[in-house]
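Structural overview
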Amino acid sequence: MTPNTSASHALPPDEKVSAWSLIKPYWVSEERNTAWGLLIAIIVMNLLVVWINVRLNRWSADFYNALQTKNVHDFPHLLMVFSALAFGFIILAVYGRYLRQMLGFRWRQWLTTRYLNEWLKDSAFYRIERDRLADNPDQRISDDLQSFATSTLSLTLDLLSTVVTLVSFITILWSLAGALTISLGGMPIEIPGYMVWAAALYAVVGSLIIQKVGHPLVPINYQAQKVEADFRFGLIRLRENAEQIAFYNGMETEKKNAHSLFARIRDNWWQVMKYTKRLTFVLSFYGQIAIIFPLVVAAPRYFAGAFTFGVLMQISSAFGTVSDSFSWFINSYGTLVEWRATVNRLREFKRVVHAPHLKESVSPATAHGGINLHFVDEDKLTTEGLKLALPNGNPLSRIRDVAIRPGSRWLVRGPSGSGKSTLMRALAGLWPFGDGSIDAPVNARMMFIPQVSYMPIGTLKAALAYPSAADTYTDDECREALVVCHLSEYADRLQESGHWTRILSPGEQQRLAAARVLLHKPDYLFLDEATSALDAENEARLYRLFTERLPKAAIVSVAHRESLAAFHDETLDVERSDEAVAA
Ligand SMILES: Nc1ncnc2c1ncn2[C@@H]1O[C@H](COP(=O)(O)OP(=O)(O)OP(=O)(O)O)[C@@H](O)[C@H]1O
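Since the model is a prediction, treat every value here as computed from it, not as a measurement. (Residues numbered from 1 in each chain as written. Predicted model: local features only at pLDDT ≥ 70, side-chain atom pairs only at ≥ 80, totals over all residues. Heavy atoms only, no water.)

With that out of the way, let us pick up the pattern of salt bridges. Scanning all chains against the criterion turns up 20 salt bridges. When the shortest N-O distance is used, the salt bridge between Arg106 and Glu31 registers 3.6 Å. Linking Arg106 in helix H3 (residues 75–120) with Glu31 in the loop between helix H1 (19–27) and helix H2 (32–68), this pair joins segments that are 75 residues apart in sequence. Residue class for Glu31 comes out buried when judged on its relative accessible area of 17%. One salt bridge in this structure joins Asp573 and Arg413, with 3.1 Å as the shortest N-O distance. Residue Asp573 is located in strand S14 (residues 570–573), and its partner Arg413 is located in strand S7 (residues 409–413); the two are separated by 160 residues in the primary sequence. By relative accessible area, which is 42% here, Asp573 ends up partly exposed. Beyond isolated ion pairs, a larger network of salt bridges with shared partners links Lys226, Asp230 and Arg264. (Salt bridge = Lys/Arg side-chain N within 4 Å of Asp/Glu carboxyl O. Helix = DSSP H or I, 4+ residues; strand = E, 2+ residues; numbered from the N terminus. Buried < 20%, exposed > 50% of the residue type's maximum accessible area, 1.4 Å probe, protein only.)

Here's what the structure looks like:
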């Protein structure tokens, strides 16, 4: 996995992955009852909050009128009303938020499970890295799904509350403020509900300006997520490869690389700052005007004695709510921008993971179907007309037709770079580039052991049993496998947790992989230079173990050492094909 800067093989555009297709599945899933139940409860609470706000607005007129007329008699009652409304508001605010967080997390959890399954299904994660189809899938699964669930929810729920608030308060404002009569060239012109028009005009003009100023933030925010993830990934690679880097004394180069990754964050950040500054300027200006604007607009009718001070206050607060509601579209601009960036990244990811003909669509090497791997009801593995190619279509090597039967021992030889490991990938179904077919026995257990085996972080037993679960084998079986592979010093450390790639020497890691083989007992064992770090004596010992303990297994070894020929009865020479050499 590399923090690549761009996808090397652009996928054809696929309009089918819409934002809706990202949202819908959860709401029709097995969790739909809980999801809809929570959603409805939250909506009801939101509507009750709007109702309380309407009541508070009416209350404000009574309250300020009581103050102006020094109405001591009504004052305690008004305070009681306020306390009851405020109490209701607090309860609704607390539980509304609580339920919203609960629903947001449940949605995220459902999405994460689903995306993880899809990412790990059919080696999609491997294809994405091999062909560099999408950058930082880890970020998409961890950050993007989280912000997608929470932002979609808050944008939708807030939109609903805002619309209901807007309708309620427009009605109040329309009836309270009445019509304004202005004289245009001596002609009296009446504007009914003029405060509503003023609020709408005010918010729409503001929206347009802010849209214009804030628009460049869309691509900049998209880029920000990407450069942050690249930087983090660069540092993780540094940490993971600390020893190799230290041996090479590569600190200066690493520093330069890290700085150059960070420089991309910095360059992007200047852009974020530049446009955020402009946006904040406009938003603050807009916010300040909002304080005085309704009073100025309502003043002519107040001075004309059209309404009391209490009503002026009620109008001012209703105006504030109406223009706030209009402004919601403006204020949520930032969230919308981020939401769109998140949706775009998830759409791209989903498209890459789902594309049914992904292999064909990305490479000229598979334009005619690529290598066909079939699982057949036979006990031998056969190849026919197999040609390996690179992802860009360049031919690599031609493999003679072979039939690998149970119990046979094959040695795959050839110069470096001729395509031996690529042949192993093709046999494992990980390399579609090329031509021809492979028929593999459907029920056979296959095991591929590369030169460097993956070791999960965890107990030694888990590393040994991988890819099976740690409790698949008894401690005694594990100990025995370790002892016969010359790892007796680890036999009593099965429950010890560690980063085993760092603790074990390369030779020990290869012996651990051999112990894995003895536990798993595959029917077909593919060893790709899996004993290259061992001395001849240890290597021979492991091969004797495989032969004795897995007599019926077919073993296919890729190796450079001639000494290994003694353990094999068939050879397969892999050479770069003439077209490859010519290319
Ligand atoms: N993902 C990839 N993208 C492009 N080229 C690749 C990719 N993987 C392998 N190759 C190329 O395919 C060729 C064959 O590689 P392969 O690892 O199969 O060689 P090999 O015979 O196993 O070599 P060695 O003996 O050195 O291990 C190499 O030139 C390599 O650069």
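Right, let's talk about the sheet that holds S14 for a bit. Sheet architecture is open: five strands sit in the order S9-S12-S13-S7-S14, paired in parallel fashion. In the strand order of this sheet, the two ends are held by strand S9 (446–449) and S14, each with one partner. Across the sheet, the mean angle separating the axes of adjacent strands is 15° when strand polarity is ignored. Direction of pairing for S7 relative to S14: parallel, over a ladder of four bridges. Opposite Leu411, over in S14, you have Thr571 as the bridge partner. Along the sheet, helix H17 (residues 506–520) contacts S9 and strand S12 (524–528); its crossing angle with S9, the most-contacted strand, is approximately 175°. (Pairing = 2+ DSSP bridges. Axes fitted to C-alpha atoms, helices over the stretch in contact; angles between N-to-C directions. Contact = heavy atoms within 4.5 Å.)

This paragraph deals with the UniProt feature "transmembrane region" (unreviewed entry) in the protein chain. The residues that UniProt annotates with the feature "transmembrane region" (unreviewed entry) are residues 34–54, 78–99, 159–185, 191–210 and 279–296. Taken end to end, residues 191–210 is 85% helix and 5% strand, and its first and last C-alpha atoms sit 28 Å apart. (UniProt positions renumbered as here; feature names shortened; annotations may be inferred.)

Here the protein chain is partitioned into domain 1 (19–356) and domain 2 (372–582). Taking the mean C-alpha position of each, domain 1 and domain 2 sit 54 Å from one another. Domain 1 puts six residues into the contact, and the matching count from domain 2 is seven residues. Interface of domain 1 and domain 2: buried area, both sides summed, is about 500 Å²; carbon and sulfur atoms make up 46% of it. Three residues, Tyr126, Arg130 and Glu240, lead the burial of domain 1 against domain 2; their summed loss comes to 76% of the area buried on that side. Connecting domain 1 to domain 2 are one salt bridge. Taking the shortest distance from any N to any O, the salt bridge between Glu240 and Arg502 comes out at 3.8 Å. (Domains from an automatic or database assignment. Buried area = accessible area lost by both parts, 1.4 Å probe.)

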